[in-house]
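# Reading the structure
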Amino acid sequence: MIFKKYILDLAKNNNLSLRAVARGIDISPSYLSEILNNKHPVNHGLLQKLAQFFDVSLVDMYTKAGWLSLDDEQEFYTRMQEILADEDDMKRFLDIMFKMKRKERQEKIKLILAAMGK
């Protein structure tokens, strides 16, 4: 429910309806509603669109969506900047991350970064 509140707060702070948010990220309002009510899983592409639409960091969006559970978000953010600076590293990271189930992804995110030497 943290993700739903986060999106609702972002929409409210930008004086937008959820219908306007859905239009802004090219999905139907009913699909957005299903995602916010945990009836449909959120995916990387949608998180990326939402982050761009609301002009917030992808790391924040991942954290609010429950994709990341970090003890030290600043360390993670710094490491992600290093990875995102290199296109090959970014592709490797995303390939590894999206092959995992959500809970496994949360548990192993730091191990992936360590394995990549970042």
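Residues numbered from 1 in each chain as written. Predicted model: local features only at pLDDT ≥ 70, side-chain atom pairs only at ≥ 80, totals over all residues. Heavy atoms only, no water.

## What about the overall build of the protein chain?
Going by this rule: Put simply, DSSP H or I for four residues or longer makes a helix, DSSP E for two residues or longer makes a strand, and each gets a number counted from the N terminus. Residue burial is assigned from relative accessible area. The probe radius is 1.4 Å, only protein chains are included, and a residue is buried under 20% of its type maximum, exposed over 50%, and partly exposed in between. Should any heavy atoms of two residues lie within 4.5 Å, those residues are considered in contact. Only the protein chains shown count as covering a residue, and every accessible area follows the Shrake-Rupley method with a 1.4 Å probe.
For the protein chain, the count of helices and strands is eight helices and zero strands. Ordering the α and β elements of the protein chain from the N terminus gives α-α-α-α-α-α-α-α. Per-residue burial over the protein chain gives 34% buried out of 118 residues. Residue pairs in contact within the protein chain that sit at least 24 positions apart in sequence constitute 54% of those at least 6 positions apart. Accessible area for the protein chain stands at about 7,400 Å²; split by element, carbon and sulfur atoms hold 48% of it.

## Considering the packing of aromatic side chains
The condition is simple: Think of it this way: a Phe, Tyr or Trp ring, Trp meaning its six-membered ring, pairs with another when their centres are within 6.5 Å, and the plane angle makes it stacked under 30 degrees, edge-to-face over 60, tilted otherwise.
Scanning the model with the defined rule gives one aromatic pair in all. Relative to Phe 54, the ring of Phe 53 has its centre 5.1 Å away and its plane inclined at 80 degrees; by these criteria the two rings are edge-to-face. In this structure Phe 53 comes out as partly exposed when scored by relative accessible area, which is 31%.

## Quick notes on helix H3 (residues 29–36)
Here is the rule: An arc is given here, and it is the one of the directions from the helix axis to the C-beta atoms.
All buried positions along H3 are accounted for by Leu 32, Ile 35 and Leu 36. The buried side chains of H3 occupy one side of the element, clustering within an arc of 95 degrees when seen end-on. Positioned one or two residues after H3, Asn 38 has a phi angle of 60 degrees, which is positive.

## Considering the environment of Phe 93
Residue position: Phe 93 is located in helix H7 (residues 87–98). Taking the C-alpha atoms as reference points, Phe 93 and Met 80, 13 residues apart in sequence, are found 9.5 Å from one another.

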